[in-house]
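Inside the fold
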Amino acid sequence: MARSSADDMELKRGCEAAISAKGDRDKPVMCMRVAKGRGVWGKAGKLASRHMAKPRVLAVTTKAKGQRTKAFLRVLKYSNGGVLEPAKMYKIKHLHKVEVAQNDPSGCTFILGFDNLRSQSVAPPQWTMRNKEDRNRLLMCILNMCKEHLGSIPKVVGMDVVEMAIWAKENTPVKVTQVSSKDGPVESVVLEAESHVIVEKDLVSQAEEEDIEALLGNYVMAIGEAEAFSERMKRELVALESANVYALMETESVVEEVLQGLEIASICVEDMDEWLGIFNIKLRHMREDIQSIEWRNNRLELQSDSNVALIDELDKLLELLQIPPEYEASLTGGSFDEGNMVKNTEACDWLTSAIKNLEASNLDPVYIKLRAVREKRAEFVLLKCTFVRRASEFLRNYFPSLIDSMLNDKGNFSQRGHLQRPDHADMRYKCRTYARLLQHIKSLDKSCMMPLRKAYCHSLNLLIRRESREFSNELRNSSKASKSSTPLFEGPAGANQPTSITESPGDAYSKMITTFIPLLVDESSFLAHFMCFEVSILSHSDDSSSSPNTEGTSISAVTLEASSSIGKTSNNPAELGALNECLQELLDGIQEDFYALVDWAFKLDPLSCISMHGITDRYLSGQKAEVTGYVNVLLDDLETRITILFSRFVDDACYQIEKYERNVRQIGVVPYIPRFSQLAARMEQYINGSRDLVDQAYTKIVTIMFVILEKIAQVEPKYVDIVLLENYAAFQHSLYDLANVVPTLAKYYHQASEAYEQACSRHINLVIYIHFEKLFQFARKIEELMYNMSPEEIPFQVGMSKVDFRKMLKSSLTGLDKTINAMYRKLQKNMTAEELLPSLWEKCKVNMFIALLGHNGPDSHLLQFIVLADMI
């Protein structure tokens, strides 16, 4: 006989591993291989057939939980790899029936009924064992667990419990143990195969078994022989059947009555079935009617919800399309007075947002093609055009009227004896009232901005030109500056002595610059902001830096409260071009007043160009904002004009210096040298800032002076060095103080010093050579001969003997004191600057000593020859 799967320890370990893998702590008690089938319910609750069997493993497990022990029935199936894995788990406490299938003649198929299944209409699975032995072992294990842990066993159908107990005693070694219970010690029957796992109680107690034996002993069953007992049972069965047939025949009338009752009941059932059919048809029709009513009700509810949503959307759309009456009145015929600007601004805000909301990008595509939307959009556009036209016309008239009122007030302009600084604060305050209006006009229609800008610039240009003209005229009339006695390079040396500066015409120009340049910068910034140009405007720090002179404090940088919503924008080239065009129209013509003031100052004092150039350069370097581009152009033109005028003055001075070349022979210091020192001292007093202009003038004038001086000295070759050294000494003397502080003059001072030293050296050497001519000529001959022969051969040359040398030396050195006195008189005779004679005579003595002793002189071999001749 094949080994039972209950004894397969590998199967038991596999089940234990599968249960542990799932995370449960159950311990398997018995594991059996079974075949799972599915039955179907037939009539009278009988199972009619079953499906194809599937291999499964049933495992009875226990789990200790505190003092209690729970029992489970687990179903395990085989995976694709042949490994067991848990499929289902049943709690044994819910087992209420164990039924052996009647349709299986082998008796190996049974059904386990649990009372907690979700659907009792579904047939429970059928479990088929390989033989009855395996079935009995599994069911006995389950029943013993129910008896031990639940105190009762489930209902058993299809087999006898007593037979099961007898089978258990016959096929399993019994091990009797004492188990304590509430009633005292009780004997327990334990299967030997499972004695090491769990202790089972008897299916039938000892007392019950004794009662059964006593009951059986009261009857003489005569079952000593099986055949005799079988015959006896057959006879008793035939007698019992006969008695049953007789009893049935005696109760025929009762049976007929029962049959009649059944027939009547059948008729009633048929009538009931007919009524139920009728009721079913009516209920079906009613159900269809209810479904139709529900469908229509759902449609109505959906339609109602849709209508509510549609009304909400239409209300929102109407809010976009409806024009508030107060806004419509302001947009179509409202006044633009200052008191109504708040209402006009609110109306513009609404109109701008309304037009924006009806744009295709901001509107639902469903509404774009609606006629009402298209008509309202056209109406809004017409309303926009009407409002922009009215606002533009008002502002075009408002700006000239505002400027005319200022032009008619003479107190706004300079008058005789009173300089009036321009003040546009009140005008700007009134203009700020319409700043938001201009922003809305630009957002609604940009094309209307250019006429408004031109109207504003043209009107303001009239005011600024009138202010600058009156201010410039009063500056010239009230100035105390007279025609300056600027040193010229013509005439006698003592003429045109410079006077101290009391009041320069450049001061008038400075007042003009410090007053109007900040004004023009502020007006440029205000124009860029007020007229909504998309460029970076001038900040307060830039405005402050553009006024280097504290006398002319500029007006504070413009900040428009009404346009605070506009953030910083990057410069737009097109906007910047339009702004420059407007600035040119705004400031065009004002340069004539500046030019006139510059020309007037130049006529009175040409050197005032230096101070005017300095302040112009400072203001020009301080303008950095792009909105001040035209102001930079004005300053550039002024700087160029001042430079041209000053260059004209410098050219005239150079021309006067050049005329000395055509004069008769000059004796002594040329007059233009002291004149230049006076001019340089005066020019230094005018410097205010950069000194590039002055240094360029110094360079040009001094260069011409030195060139002309060289030409004048060449007129009399005999006196070249005397003229040069006297004039260069005069140049150094007159510019000594200025050369210490002016780098450009210091350079020419050193150049004159070098030229003076060279002229002195040439003139002194000439005087020495004249008085010692024979001695130097003899020495030169010796030098020439020494190139071609040895010193021993020189005395044998013609005229070079020792006797000749002694004659020459005696004639040259005899009366040396007289010679030196003659040299001094020679120097004194030709010098016109007596103050130079002592230093010149000292240099002469030093050079004479050097020449006679042969130190670095032109005849350095003279002493050597004397020694050589003496040796010979």
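Residues numbered from 1 in each chain as written. Predicted model: local features only at pLDDT ≥ 70, side-chain atom pairs only at ≥ 80, totals over all residues. Heavy atoms only, no water.

**Things to note about the confidence of the model for the protein**
Model confidence for the protein is summarised by a mean pLDDT of 75, while 69% of its residues fall at 70 or above. Element-level pLDDT for the protein is lowest in helix H15 (residues 540–545), with a mean of 38, against a maximum mean of 90 in strand S8 (residues 125–128). Across residues 493–502, where pLDDT falls below 50, the model places 18 contacts with residues more than four positions away in sequence or in other chains. Low pLDDT, under 50, characterises residues 854–872; the predicted model gives this stretch 31 contacts beyond four residues in sequence or across chains. (pLDDT = per-residue confidence, 0-100. Helix = DSSP H or I, 4+ residues; strand = E, 2+ residues; numbered from the N terminus. Contact = heavy atoms within 4.5 Å.)

**A few points about the state of the cysteines**
If you walk through the whole model with that rule in mind, you get zero disulfides. Here Cys141 is not cross-linked by a disulfide; its sulfur's nearest cysteine counterpart is in Cys146, at 9.7 Å. By relative accessible area, which is 3% here, Cys141 ends up buried. You can see Cys582 has no disulfide; the closest cysteine sulfur is in Cys457, sitting 4.5 Å from it. (Disulfide = S-S within 2.5 Å. Buried < 20%, exposed > 50% of the residue type's maximum accessible area, 1.4 Å probe, protein only.)

**A closer look at the pattern of salt bridges**
Considering all chains together, one arrives at 18 salt bridges under this definition. For Glu99, the salt bridge is made with Lys97, and the minimal N-O distance between the two is 3.5 Å. For Lys97, a relative accessible area of 26% puts it in the partly exposed group. Where Arg130 meets Asp134, a salt bridge forms, and the shortest distance between an N and an O atom there is 3.8 Å. A relative accessible area of 53% places Arg130 in the exposed class. Residues joined in a network through salt bridges with shared partners are Asp24, Asp26 and Arg74. (Salt bridge = Lys/Arg side-chain N within 4 Å of Asp/Glu carboxyl O.)

**Some details on helix H22 (residues 720–734)**
Think of an α-helix as 3.6 residues a turn; residues three or four steps apart then line up on the same face. In this model H22 runs 21 Å from its N-terminal to its C-terminal C-alpha over 15 residues, within 8% of the 21 Å that 1.5 Å per residue would give. Counting buried positions along H22 gives 13 out of 15 residues, so the element sits mostly inside the fold. (Expected span 1.5 Å × (residues − 1).)

**Considerations on the packing of helix H14 (residues 505–530) against helix H16 (residues 573–587)**
Direction vectors running N to C along H14 and H16 enclose 135 degrees, while the axes themselves pass 11 Å from each other. One finds that H14 runs oblique with respect to H16. Seen along the crossing, H14 lies across H16 with a hand that is right-handed. Together, Leu520, Glu523, Ser524, Leu527 and Ala528 of H14 and Leu579, Cys582, Leu583, Leu586 and Leu587 of H16 make up the contact between the two elements. Among the residues forming the contact of H14 with H16, the class breakdown is eight nonpolar, one polar and one charged. (Axes fitted to C-alpha atoms, helices over the stretch in contact; angles between N-to-C directions. Parallel < 35°, antiparallel > 145°, perpendicular 65-115°, else oblique. Left-handed = near helix turned anticlockwise from the far one by under 90°. Nonpolar A, V, L, I, M, F, W, Y, C, P; charged D, E, K, R; others polar.)

**As for the nonpolar core**
Leu437, Tyr456, Leu527, Phe646, Phe676 and Phe731 are the most contacted members of the largest nonpolar core, which totals 132 residues. Discounting residues that sit within four places of it in the chain, Leu527 has contacts with Tyr456, Cys457, Cys532, Phe533, Leu579, Cys582, Leu583 and Leu586. Leu112, Met129, Cys146 and Ala168 belong to the second largest nonpolar core, which has 33 residues in total. (Core = buried A, V, L, I, M, F, W, Y, C linked by side-chain atoms within 4.5 Å.)

**Here we look at the packing of helix H19 (residues 629–658) against helix H21 (residues 692–713)**
Close contact between H19 and H21 brings their axes to 9 Å; oriented N to C, the two are set at 15 degrees. Considered as vectors, H19 and H21 are oriented roughly parallel to each other. In this structure, H19 crosses over H21, and the sense of that crossing is right-handed. Across from Thr643, Phe646, Val650, Asp651, Ala653, Cys654, Ile657 and Glu658 in H19, the residues of H21 making contact are Leu693, Ala697, Lys700, Ile701, Ile704, Met705 and Ile708. Across the contact of H19 with H21, the residue classes break down as 11 nonpolar, one polar and three charged.

**Notes on a nonpolar patch on the surface**
Where nonpolar side chains cluster on the molecular surface, the patch consists of Met272, Trp275, Leu276, Ile278, Phe279, Leu283, Met286 and Ile290 and spans about 790 Å² of accessible area. Following the sequence through the fold, Leu283 ends up in helix H6 (residues 252–321). (Patch = residues over 30% accessible without salt bridge, like charges linked within 9 Å, V, L, I, M, F, W, Y side chains within 5 Å. Areas by Shrake-Rupley, 256 points an atom, 1.4 Å probe, with all protein chains shown as cover.)

**Digging into a negative patch on the surface**
Negative charge collects at one region of the surface, where Glu208, Glu210, Asp211 and Glu213 lie side by side. We classify Glu210 as partly exposed; its relative accessible area is 47%. (Lys, Arg positive; Asp, Glu negative; His and termini not counted. Charge placed at Lys NZ, Arg CZ, Asp CG, Glu CD.)

**A closer look at unusual backbone geometry**
One non-glycine residue, Cys532, adopts positive backbone phi at about 60 degrees. Along the chain, Cys532 falls in the loop between H14 and H15.

**Section: the side chain of Thr616**
Structurally, Thr616 can be placed in helix H18 (residues 608–622). Residue classification places Thr616 among the buried residues on the basis of a relative accessible area of 0%. Those residues within four positions of Thr616 in sequence are excluded, and the remaining contacts are Tyr509, Leu635, Leu638, Glu639 and Ile642.

**Here's the deal with the pairing of strand S5 (residues 84–91)**
Sheet analysis places strand S4 (residues 68–78) next to S5, joined by seven bridges and oriented antiparallel. Looking at the pairing, Phe72 lines up with Lys91 of S5. The turn linking S4 back onto S5 is made up of five residues, and Gly82 within it adopts a positive phi angle of 80 degrees. (Pairing = 2+ DSSP bridges.)

**Focus: the packing of aromatic side chains**
The tally for this structure, following the rule as stated, stands at 17 aromatic pairs. Centre to centre, the rings of Phe676 and Phe731 are 6.4 Å apart; their planes meet at 10 degrees, and the pair counts as stacked. With Phe676 in helix H20 (residues 672–686) and Phe731 in helix H22, this residue pair connects regions lying 55 residues apart in the sequence. Each of the two residues, Phe676 as well as Phe731, counts as buried. The ring of Tyr595 is capped by Arg641, whose NZ or CZ atom sits 4.5 Å from the centre of that ring. (Phe/Tyr/Trp six-rings, centres within 6.5 Å; stacked < 30°, edge-to-face > 60°. Lys NZ or Arg CZ within 6 Å of the ring centre and 35° of its normal.)

**Re the environment of Ile615**
One can find Ile615 in helix H18. Look at Ile615 and you get buried, because its relative accessible area is 2%. Along the chain, Ile615 and Ile513 lie 102 residues apart, while their C-alpha atoms are 8.1 Å from each other.

**Brief notes about the pairing of strand S6 (residues 95–100)**
Taken together, the five bridges between S6 and strand S7 (residues 109–114) define a ladder with antiparallel strand orientation. For Val100, the partnering residue across the bridge sits in S7 and is Phe110. Pairing between S6 and strand S9 (residues 155–157): three bridges, direction parallel. Considered in S9, the bridge of Lys97 is made with Lys155.

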